[in-house]
Amino acid sequence: MDKTIEQIKEAALKELETASDIENIKTLSVQYLGRKGFVTQFLRNISTLPKEERPEAGKQANIVKAELERRFKETIERLDAGAESQTKHIDVSLPGRKPQTGSIHPITQVTLQICGIFTKMGFQIVEGPEVETDHYNFEALNIPKNHPARDMQDTFYVSDNIVLRTHTSPTQPRVMEKTDPPVRIIAPGKVYRCDSDITHTPMFNQVEGLLVDKNVSFGDLKGTLTAFVHQIFDEKTSLRFRPSFFPFTEPSAEVDIQCVMCRGSGCRVCSHTGWLEILGAGMVHPAVFENVGYDTSTYTGFAFGMGVERIAMLKHSIDDTRKFFENDIRFLRQF
Ligand code: DAH
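In this text, all values refer to a predicted model and were calculated from it rather than measured experimentally.

Within this structure, the stated rule accounts for 12 aromatic pairs. Ring geometry for Phe289 and Tyr294: centres 5.6 Å apart, planes at 35 degrees, overall tilted. Taken together through their ring pairs, the aromatic side chains of Phe118, Phe123, Phe228, Phe302 and Phe304 make up a single cluster.

Below you can see the structure in the form of structure tokens.
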């Protein structure tokens, strides 16, 4: 053996001191501790030493081996940490990064506008459950089992008697059951129908309205809805009431507004009719009052229901209702 283990150790530490980068140190580590490294060779050669020197030489060599391993490791770690703090260095001269903020969804914005207009007219906002009983969704609204009106609405059934509400109208009997007249409520919320294309999504939003009092007439309904349309669109937007049918109102009407795109002259959006349907309405059917125990000889009322997506599409000239639910940030940022 030409070099003592002490000499090998000193040489290694000296070289380690001058090594400046991690690659360098890794090479050194191989040179000293690798399979053919100096320390390994020394250990291997111990068998050539006189028998009595072998135990001590082995012990010393293992101590040196452990120490060198520790020193190499420490130095690598120290250099690693330095490199990291350099890459994490903060350049204070760079412009700041703006945190991304959310905004109110256009459907929520329009719902709030609709509710705002009606609360100014004295309506109270109420909410009902989205998972509804057959009773409130249909029965209490004068839509008995096997009534053809049930086919009009493609219902999602949870079980025989539980549905995802197909409209916000069930809030009417729910509120009337608990409240004596006068009633003046507006009920926004999500509704569900098994339907999907460019103008339909399986979930959409409605706002329901109900007013019950003594001497409420169809004229009150017309006046209220006209005031609403003039505020949500503009004063120049005219309305028309077309006779229609809903099991829970009599008489019933569908309400059209003059096309907001062509102002009535006819275009693609209004199918060249000059009119756009925006809601259903009518005078509350006496059967609905009887179901909740209201005295039909004293009270009358009107109700209406509108689709929020429909109104939002007309307000913002959007042609595909699915855009509201795709959550494309480039679309949503525009509102
Ligand atoms: N619930 C009806 C629908 O979803 C809308 C409606 C029509 C609501 C007339 C009413 C009403 O309150 O009086 O199509």
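For the rest of this paragraph, the subject is the pairing of strand β8 (residues 249-258). One face of the sheet, then the other: side chains in a regular strand alternate in exactly this way. Across the 10 residues of β8, 8 count as buried, placing the element largely inside the fold. Two elements, strand β7 (residues 239-246) and β8, share 7 bridges in a ladder whose sense is antiparallel. Residue pairing across strands places Phe246 opposite Thr249, the latter belonging to β8. Two strands pair when backbone bridges link them, and β8 and strand β9 (residues 275-284) are joined in this way by 8 bridges, in the antiparallel orientation. Opposite Glu254, over in β9, you have Gly280 as the bridge partner.

On the secondary structure map, Val288 appears in helix α10 (residues 286-291). Spatially, the C-alpha atom of Val288 lies 18 Å from that of Arg165, the residues being 123 residues apart in sequence. Look past the residues within four positions of Val288 in its chain and what remains in contact with it is Ala140, Leu141, Asn142, Met176 and Phe248.

Between helix α2 (residues 22-33) and helix α3 (residues 38-45), whose axes approach to 4 Å, the crossing angle comes to 10 degrees. Classified by the angle between their axes, α2 and α3 sit roughly parallel to one another. Counting all contacts with α2, which are made through Gln31, Tyr32 and Leu33, the residues of α3 involved are Phe38, Val39 and Thr40. Among the residues making up the contact of α2 with α3, the classes are represented as 4 nonpolar, 2 polar and no charged.

The next thing to look at is the site of the ligand. Around the ligand, 15 residues are found, and the nearest of them are His167, Ser169, Arg193, Gln206 and Glu208. A distance of 2.9 Å separates a nitrogen atom of the ligand from a polar atom in the side chain of His167. In the model, an oxygen atom of the ligand is placed 3.2 Å from a nitrogen or oxygen of the Gln172 side chain. Protein contact buries 91% of the 350 Å² of open area that the ligand shows by itself.

Domain annotation for the protein chain reports domain 1 (5-88) and domain 2 (106-332). If you average the C-alpha positions of domain 1 and of domain 2, the two centres end up 82 Å apart.

This next bit is on the pairing of β9. Of all 10 residues that make up β9, 8 are buried, and the element is covered over most of its length. Both β9 and strand β10 (residues 300-307) contribute to a ladder of 5 bridges, which runs antiparallel. The residue bridging Ala281 from the neighbouring strand is Phe304, located in β10.

Scoring rules and cut-offs
Residues numbered from 1 in each chain as written. Predicted model: local features only at pLDDT ≥ 70, side-chain atom pairs only at ≥ 80, totals over all residues. Heavy atoms only, no water. Phe/Tyr/Trp six-rings, centres within 6.5 Å; stacked < 30°, edge-to-face > 60°. Buried < 20%, exposed > 50% of the residue type's maximum accessible area, 1.4 Å probe, protein only. Helix = DSSP H or I, 4+ residues; strand = E, 2+ residues; numbered from the N terminus. Pairing = 2+ DSSP bridges. Contact = heavy atoms within 4.5 Å. Axes fitted to C-alpha atoms, helices over the stretch in contact; angles between N-to-C directions. Parallel < 35°, antiparallel > 145°, perpendicular 65-115°, else oblique. Nonpolar A, V, L, I, M, F, W, Y, C, P; charged D, E, K, R; others polar. Near = heavy atom within 4 Å. Polar contact = N/O pair within 3.5 Å; in protein donor to acceptor, adjacent residues only side chain to side chain. Areas by Shrake-Rupley, 256 points an atom, 1.4 Å probe, with all protein chains shown as cover. Domains from an automatic or database assignment.

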